[in-house]
Amino acid sequence: MANTFSLILVLVTIVTGIVWALDKYHWAPRRRQAAGKALKVAETELDTEQVAKVMPQPSWVENMASIFPVIAVVLVLRSFIYEPFQIPSGSMMPTLLVGDFILVEKFAYGLRDPAFHTELIETGKPERGDIVVFKYPPQPNIDYIKRTVGLPGDTVVYTKEKRLCIQPKGETQCQPVPIDDIQSSEFAQGGVSLVKAQEQLGEQLHQILVHPNKRDRVSAYQPRPGVNRWVVPEGHYFMMGDNRDNSADSRFWGFVPERNLVGKAVAIWISFEFERPSDSWLPSWVPTGVRFNRIGGIN
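In this numbering scheme, every chain counts its residues from 1 along its sequence in written order. Per-residue local features are limited, in this predicted model, to residues with pLDDT of at least 70; the limit for side-chain atom pairs, both in listing and counting, is 80 or more; totals at the level of whole chains, interfaces and linings are taken over all residues. Excluded from the side-chain calculation are hydrogens and water; included are all heavy atoms of the structure.

A. Broad picture of the overall build of the chain. Each helix is a run of H or I in the DSSP string that is no shorter than four residues. Each strand is a run of E no shorter than two, and both are numbered from the N terminus. Assigned secondary structure in the chain consists of 4 helices and 18 strands. Here the globule rule is a power law, 2.2 Å times the number of residues to the power 0.38, and the radius of gyration is based on C-alpha atoms. For the chain, whose C-alpha radius of gyration is 26 Å, the value lies well above the compact-globule estimate of 19 Å for 299 residues. Projecting the C-alpha coordinates of the chain onto the three principal axes gives extents of approximately 90 × 55 × 30 Å. Partitioning the intrachain contacts of the chain with sequence separation of at least 6 by distance along the chain shows that 55% fall at a separation of at least 24. Computed by Shrake-Rupley with a 1.4 Å probe, the accessible areas treat only the displayed protein chains as cover when residues are assessed. Accessible surface for the chain amounts to roughly 16,300 Å². Of this, 58% is attributable to carbon and sulfur atoms. The contact definition used throughout considers only heavy atoms, calling two residues in contact when any of these lie within 4.5 Å.

This is the structure:
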């Protein structure tokens, strides 16, 4: 859907831009010339109102020409600066919740054309701990959001104790990722409270959730079922959700190619609640409240 919208936005911008240019540099001068002949005066003596009365601008041209600047600004903002996204699932809890609307910095990992996602200018690379929006590798028309765990050349291990161990490229030892402040959380699954802990990836200190009674699905790991060790290829990244036992991530579908990167999640601009009793008459998509305390930057 996001790819389709981007393509439509590009096409609309091109079409309205062509109409705007034709009107400004070809049709408008011809209308002025025709108005001058009709009124038998020099074109330089005519004002805009006189031309409009004698030779009015076609309504469809007026509408398209007036839309063009707005559409062009939206295209530039959305394609190269910031784009809004909605969090659809709980895979990034407790950092991001369902109903959070976030801003993604599009220029963080390169300027890309909005239609085909080809990198035009390199501006940066993901750092360990960044929250990244990217095209889901098995189905690139879908956008995913996860945290960057492994960089190109890293070796990533996810132990049976549900702890991360990372061997950065060029180093000889796997370094356990620091984790502390382990406690029960307000989040639950199947009546069981999830365990919350603080984890530090690179410079990023953030919270994760772990189900204390749920066994990790090691047999579903890719590309080698049953093997909890991954070597990140060059030009790829290893992504994981903060809700470790409820996240479909690189453990299960593989690495994220650099070309799939969309941008860095930097802020929550609004957050809606959707909780309602089972007998509520409201449609499920209608918000029931606003979580003002969640508005701001993202860790």
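B. View of the sheet that holds strand S9 (residues 175-176). With antiparallel pairing, 4 strands are arranged side by side in an open sheet as S9-S8-S7-S13. The sheet is open, and its two borders are formed by S9 and strand S13 (229-231), each paired with just one other strand. Pairing between two strands is assigned when DSSP locates at least 2 bridges connecting them. Where strand S7 (residues 155-158) and strand S8 (residues 164-167) come together, 4 bridges link them in antiparallel fashion. Bridge pairing links Tyr 158 to Leu 164 in S8.

C. Structural view of the sheet that holds strand S12 (residues 204-210). Strand order in the open sheet formed by 3 strands is S10-S11-S12, and the pairing between neighbours is antiparallel. Two strands close off the open sheet at either side, each with one partner strand: strand S10 (179-189) and S12. For this sheet, the mean inter-axis angle between neighbouring strands, taken without regard to orientation, is 30°. Fitted lines through C-alpha atoms give the axes, limited to the stretch in contact for helices. The angle between two N-to-C directions lies from 0 to 180 degrees.

D. Quick peek at the side chain of Lys 162. Structurally, Lys 162 can be placed in the loop between S7 and S8. Note on classification: 1.4 Å probe, protein chains only; a residue is buried when its accessible area is under 20% of the maximum for its type, exposed when over 50%, partly exposed between these limits. A residue is classified by how much of its surface remains accessible, and Lys 162, at 12% relative accessible area, is buried. At 3.0 Å, the side chain of Lys 162 and the side chain of Asp 245 are in polar contact. When residues no more than four places from it in sequence are discounted, the contact partners of Lys 162 are Val 210, His 211, Lys 214, Asp 216 and Asp 245. Any pair of N or O atoms that falls within 3.5 Å is considered a polar contact. Within protein, one atom must be able to donate a hydrogen and the other to accept it, and sequence-neighbouring residues count only if both atoms are side-chain atoms.

E. Structural context of the side chain of Arg 251. Relative to the helices and strands, Arg 251 resides in helix H4 (residues 250-253). At a separation of 2.7 Å, a polar atom in the side chain of Arg 251 contacts the main-chain carbonyl oxygen of Arg 244. A distance of 2.8 Å separates the side chain of Arg 251 from the side chain of Asp 249, its partner in a polar contact. Contacts of Arg 251, omitting those with residues within four sequence positions, involve Tyr 158, Asp 216, Ala 220, Tyr 221, Gln 222, Trp 230, Phe 238, Met 240 and Arg 244.

F. Region of interest: the pattern of salt bridges. For salt bridges, the criterion is a side-chain nitrogen of Lys or Arg within 4 Å of an Asp or Glu carboxyl oxygen. Throughout the structure, instances matching the rule amount to 17 salt bridges. The residue Glu 234 makes a salt bridge to Lys 169 at a minimum N-O spacing of 2.9 Å. Taken together, the positions of Glu 234 in the loop between S13 and strand S14 (236-240) and Lys 169 in the loop between S8 and S9 put the pair 65 residues apart, joining distant regions of the chain. Assessed through its relative accessible area of 54%, Lys 169 is described here as exposed.

G. Up close: helix H3 (residues 59-81). One less than the residue count of a helix, multiplied by 1.5 Å, gives the span that helix is expected to have. The end-to-end C-alpha distance of H3, which contains 23 residues, comes to 33 Å, matching closely the 33 Å that a straight helix rising 1.5 Å per residue would cover. Remark: the principal bend of H3, roughly 30°, maps to Phe 68, with a proline, Pro 69, within the next four residues. Within H3, burial applies to Val 61, Ala 65, Phe 68, Ile 71, Ala 72, Leu 75, Arg 78 and Ser 79. Values of bend correspond, residue by residue, to the angle between axes fitted over the seven residues ending at that residue and the seven starting there.

H. Spotlight on the packing of aromatic side chains. Ring geometry is summarised as follows: Phe, Tyr and Trp rings, the Trp one being its six-membered ring, pair when their centres sit within 6.5 Å, and such pairs are stacked at plane angles under 30 degrees, edge-to-face over 60 and tilted between the two. Counting across every chain of the model gives 15 aromatic pairs. Between Trp 20 and Tyr 25 the ring centres are 6.4 Å apart and the planes differ by 90°, which places this aromatic pair in the edge-to-face class. The class for Trp 20 is partly exposed, based on a relative accessible area of 31%. Ring pairs connect the aromatic residues Tyr 221, Trp 230, Phe 238, Phe 252 and Phe 255, which therefore count as one cluster.

I. Layout of the state of the cysteines. Two cysteine sulfur atoms make up a disulfide if the distance between them is within 2.5 Å. One pass over the full model with this rule turns up 1 disulfide. Residue pairing for Cys 165: its cysteine sulfur links by disulfide to Cys 174, the two sulfurs lying 2.1 Å apart. Given the relative accessible area of 12%, Cys 165 is considered buried. Residue classification places Cys 174 among the partly exposed residues on the basis of a relative accessible area of 30%.

J. Broad picture of unusual backbone geometry. A cis amide bond links Met 93 to the next residue, Pro 94, at an omega of 0°. Here Pro 94 is to be found in the loop between strand S1 (82-86) and strand S2 (100-105). The linkage connecting Gln 222 with the following residue, Pro 223, adopts the cis geometry, with an omega of 5°. Its location among the elements puts Pro 223 in the loop between S12 and S13. Phi at Lys 162 is positive, roughly 65°, even though this residue is not glycine. Of note in the backbone geometry, Asp 181 takes a positive phi value of approximately 50° without being a glycine. Secondary-structure assignment places Asp 181 in strand S10. With a relative accessible area of 42%, Asp 181 lands in the partly exposed category.

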